[in-house]
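# Notes for the structure review
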Amino acid sequence: MLILLPPSEGKTPATRGNAMDWTSLSFPDLNPCRAKVLDALGSVSAHEDALALLGVGASLQSDVERNTRLHAEPAAPAHQVYSGVLYDALGYKSMTAPQRRKADESVLVISALWGAIRFGDSVPAYRLSMSASLPDVGRLASFWKPQLTDALAAATAGQLLVDCRSSTYAAAWTPPPASTVAVNVFTEVHGVRKVVSHFAKHTRGELARHLLTRRGKAPETPAQLHKAAREKWNAELVPGTARKAHALNVILPG
């Protein structure tokens, strides 16, 4: 089982330590593409209109300035750098050592800057969304899609993929539908369902934690994932098609 996560918008910078070591990152075949995006991001972030070009507000000025020196910024494991609702609910820090090892092996973060990294990969904090477009790179989702298709093929073969990404990051890579289950979260009041955003992030983080910390074997099929989810939530499994992934719909009370 592999759990696909989006990065958090907010990130916690490392305050000490070494700069990122390119050779230590998972999926080293992506390094030339990572370098290209990193250079383009540094150039854009140094521009006088950087905030507008990156689609962020004035409160993120310091984050954008950090983008110009990422080669030298201290790096930390991804599970420390990524923060926010989903990652708080996942709660890596409170896991046992065996559970953390399982998370390091099982979690893939699909990133606008790095393409894909594992939880234990050390990276600096940065500010870049998959919805952005960079000079000489273009739209990042379009740039990464063929690269990730090739780079992740071997790592994901034969694995159940639990897709907890947002639509923005799902656009960067389409995993094999037969082995993928997209996680959706709804509230339901009087039989009427509504898509939620904040609670979706939280619930996806809780689901990831449940899958990483529960006893027994990890789910290997969509049906087994459905059964595991029903240990904590009202959930339904919608079978996929040749072109569309299965869907696990988690239904929260309104």
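Residues numbered from 1 in each chain as written. Predicted model: local features only at pLDDT ≥ 70, side-chain atom pairs only at ≥ 80, totals over all residues. Heavy atoms only, no water.

## Let's talk about the nonpolar core
The condition is simple: Residue types Ala, Val, Leu, Ile, Met, Phe, Trp, Tyr and Cys, when buried and joined through side-chain atoms within 4.5 Å, form a set referred to as a nonpolar core. Type-normalised accessible area, obtained with a 1.4 Å probe on protein chains alone, sets the label of each residue: buried when under 20%, exposed when over 50%, and partly exposed for intermediate values. Numbering goes from the N terminus for both helices and strands, where a helix is a DSSP run of H or I of at least four residues and a strand is a run of E of at least two. Only heavy atoms enter the contact rule, under which two residues are in contact if any of them lie within 4.5 Å.
In terms of nonpolar packing, the biggest core is built from 78 residues, with Ile-3, Leu-128, Leu-134, Leu-140 and Trp-144 touching the most fellow members. Per-element tally for this core: the top contributor is helix H1 (residues 31-45), with 6 residues. Setting aside residues up to four positions removed in sequence, Leu-134 forms contacts with Val-37, Ala-40, Leu-41, Val-44, Leu-54, Leu-128 and Leu-140.

## Quick word on the packing of aromatic side chains
Quick note on the threshold: Two aromatic rings from Phe, Tyr or Trp, using only the six-membered ring of Trp, form a pair when their centres are within 6.5 Å; if the ring planes differ by under 30 degrees the pair is stacked, by over 60 it is edge-to-face, and anything between is tilted.
Per the counting criterion, the structure on display carries 7 aromatic pairs. Taken together, a centroid distance of 6.5 Å and an interplanar angle of 90 degrees make the contact between Tyr-82 and Tyr-126 edge-to-face. Of this pair, Tyr-82 sits in the loop between helix H4 (78-81) and helix H5 (85-90) while Tyr-126 sits in the loop between strand E5 (122-123) and strand E6 (133-134); the two residues are 44 residues apart in sequence, bridging distant segments of the chain. A relative accessible area of 2% places Tyr-82 in the buried class. With relative accessibility at 2%, the residue Tyr-126 sits in the buried group. Their ring planes at 85 degrees and their centres at 5.6 Å tell us that Tyr-92 and Phe-119 sit as a pair that is edge-to-face. Of the two residues, Tyr-92 sits in the loop between H5 and helix H6 (97-106) while Phe-119 sits in the loop between strand E4 (115-118) and E5, which places them 27 residues apart along the sequence. For the pair Tyr-92 and Phe-119, a shared accessibility class is recorded, and that class is buried. Through a chain of ring-to-ring contacts, three or more aromatic side chains come together here, namely Trp-22, Tyr-82, Tyr-87, Tyr-92, Trp-114, Phe-119 and Tyr-126.

## Re the side chain of His-246
Stated formally: Here a polar contact is recorded for every N or O atom pair within 3.5 Å, except that within protein the pair must consist of a potential hydrogen donor and a potential acceptor, and residues adjacent in sequence are included only if both atoms are side-chain atoms.
One can find His-246 in strand E12 (residues 246-253). Using a relative accessible area of 16% as the deciding quantity, one classes His-246 as buried. Only 3.0 Å separates the side chain of His-246 from the backbone nitrogen of Gly-240, close enough to count as a polar contact. Beyond its immediate stretch of four places on either side in the chain, His-246 contacts Pro-177, Ala-178, Thr-180, Val-181, Ala-182, Pro-222, Leu-237, Val-238, Pro-239 and Gly-240.

## Here's the deal with helix H11 (residues 222-229)
Note the cut-off: By arc we mean the arc of the directions from the helix axis to the C-beta atoms, nothing more.
Those residues of H11 that sit buried are Pro-222, Leu-225, His-226, Ala-228 and Ala-229. Down the axis of H11, the sector holding all buried residues measures 165 degrees, keeping them to one side. Those residues of H11 that are buried lie in contact with strand E8 (161-163), strand E9 (180-189), helix H10 (198-213), strand E11 (234-238) and E12.

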